[in-house]
Amino acid sequence: MKILLCLALLGFTALPAFAATCPQQTKDAYALVLLEQTWARALETHDADAVGCILAEEFQDADPSGKLHDRAETLAQVAHRRPGKNILSELDPHLIGESGYIRGLATLVDAQGNTIARVRFTDIYVYRDHRWLAVAGQETLLPEAAK
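In what follows, the accompanying structure is described.

What counts and what doesn't
- Each chain has its residues counted from 1, running along the sequence as written.
- For this predicted model, a pLDDT threshold of at least 70 governs which residues receive local features, and a threshold of 80 or more governs which side-chain atom pairs are given and counted, while totals over whole chains, interfaces and linings are taken from all residues.
- Excluded from the side-chain calculation are hydrogens and water; included are all heavy atoms of the structure.
- Only protein atoms enter the calculation, which uses a 1 Å grid: trapped sets of points that fit a 1.4 Å probe without letting it out are cavities, open sets showing protein on both sides within 12 Å along at least five of seven lines are pockets, and any residue with an atom within 4 Å of a point is a lining residue.
- Grid points are joined across faces, edges and corners, and a volume is the space filled by probe spheres set on the points.
- Going along the chain from the N terminus, every DSSP run of H or I of four or more residues is numbered as a helix, and every run of E of two or more is numbered as a strand.
- Each residue gets one of three labels, nonpolar for Ala, Val, Leu, Ile, Met, Phe, Trp, Tyr, Cys and Pro, charged for Asp, Glu, Lys and Arg, and polar for the others, Gly among them.
- Note on exposure labels: buried denotes an accessible area under 20% of the residue type's maximum, exposed denotes more than 50%, and partly exposed covers the range between, all computed with a 1.4 Å probe on protein chains only.
- Only buried residues count toward a nonpolar core, which is a set of Ala, Val, Leu, Ile, Met, Phe, Trp, Tyr and Cys residues joined through side-chain atoms within 4.5 Å.
- Whether two residues are in contact is decided by their heavy atoms: any pair within 4.5 Å suffices.
- In this scheme, a helix's expected span is set at 1.5 Å multiplied by one less than its residue total.
- The definition of a polar contact used here is a pair of N or O atoms within 3.5 Å, where within protein one atom must be able to donate a hydrogen and the other to accept one, and adjacent residues in sequence count solely through side-chain atom pairs.

1. Focus on the layout of surface pockets
Reasoning step 1: A volume near 880 Å³ is recorded for the largest pocket.
Reasoning step 2: Surrounding the largest pocket, 27 residues form its lining, Leu43, Asp61, Pro64, Arg81 and Glu139 being those nearest its centre.
Reasoning step 3: For the lining of the largest pocket, the secondary structure elements donating two or more residues are α3 (29-44), β1 (55-62), α5 (71-78), β3 (85-96), β4 (99-109), β5 (115-128) and β6 (131-141).
Reasoning step 4: For the lining of the largest pocket, the per-class residue count stands at 14 nonpolar, five polar and eight charged.

Structure representation (structure tokens):
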């Protein structure tokens, strides 16, 4: 209630849409694993709202080519993701106080089960307002020989 009052005093008439609909998470390593799985499903279904619940306002991602993308660019790309299923493996979460990171391997497969790409990733999170928010990501495309 205090938050709503403060927002009203500052001229805000409503909470941001994502704040009202994003789920809270426990502050443990398993929550990061679940969040990565949610993120992978959201990409498969082109659900930018679900991805928006995961990304902090200051989010930046370094894609496999080294290009940086901010939150807005990342969310805009969700609708244009190539079709396929993201299979996550080797998920290794770590917590450090109010922050954490997770490393893993994402394998994108097409409808016939063929591997399209394999990407090693690291995502960095902070715990705010009872939920984890991704502040940075890094992806490395694995070469064909590593598939």
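Continuing now.
2. Observations regarding unusual backbone geometry
Among all residues save glycine, negative phi is the norm, and among peptide bonds the norm is trans.
Reasoning step 1: Unlike most non-glycine residues, His46 shows phi in positive territory, near 60°.
Reasoning step 2: By secondary structure assignment, the location of His46 is in the loop between α3 and α4 (48-54).
Reasoning step 3: Here His46 falls in the partly exposed class, since its relative accessible area comes to 33%.
Reasoning step 4: At His130, a position not held by glycine, the phi torsion is positive, near 65°.
Reasoning step 5: By the secondary structure assignment, His130 is in the loop between β5 and β6.

3. What about the nonpolar core?
Reasoning step 1: Ranked by size, the top nonpolar core spans 18 residues in total, and within it Trp39, Val51, Ile54, Leu55, Tyr125, Trp132 and Ala134 carry the most contacts.
Reasoning step 2: Elements with a minimum of two residues in this core: α3, α4, β1, α5, β5 and β6.
Reasoning step 3: With seven residues, α3 is the largest single contributor of residues to this core.
Reasoning step 4: The residues contacting Ile54, other than those within four sequence positions of it, are Leu35, Thr38, Trp39, Tyr125, Trp132, Leu133 and Ala134.

4. Thoughts on α3
Reasoning step 1: Counted at 1.5 Å a residue, the expected span for α3 with its 16 residues is 22 Å, and the 23 Å between its end C-alpha atoms agrees.
Reasoning step 2: Where α3 is concerned, the buried positions are Ala31, Leu32, Val33, Leu35, Glu36, Trp39, Ala40, Ala42 and Leu43.
Reasoning step 3: Between the side-chain oxygen of the N-cap and the backbone nitrogen of Tyr30 there are 3.3 Å, and the N-cap of α3 in question is Asp28.
Reasoning step 4: Note on α3: the residue one or two positions beyond its end, His46, has a positive phi of about 60°.

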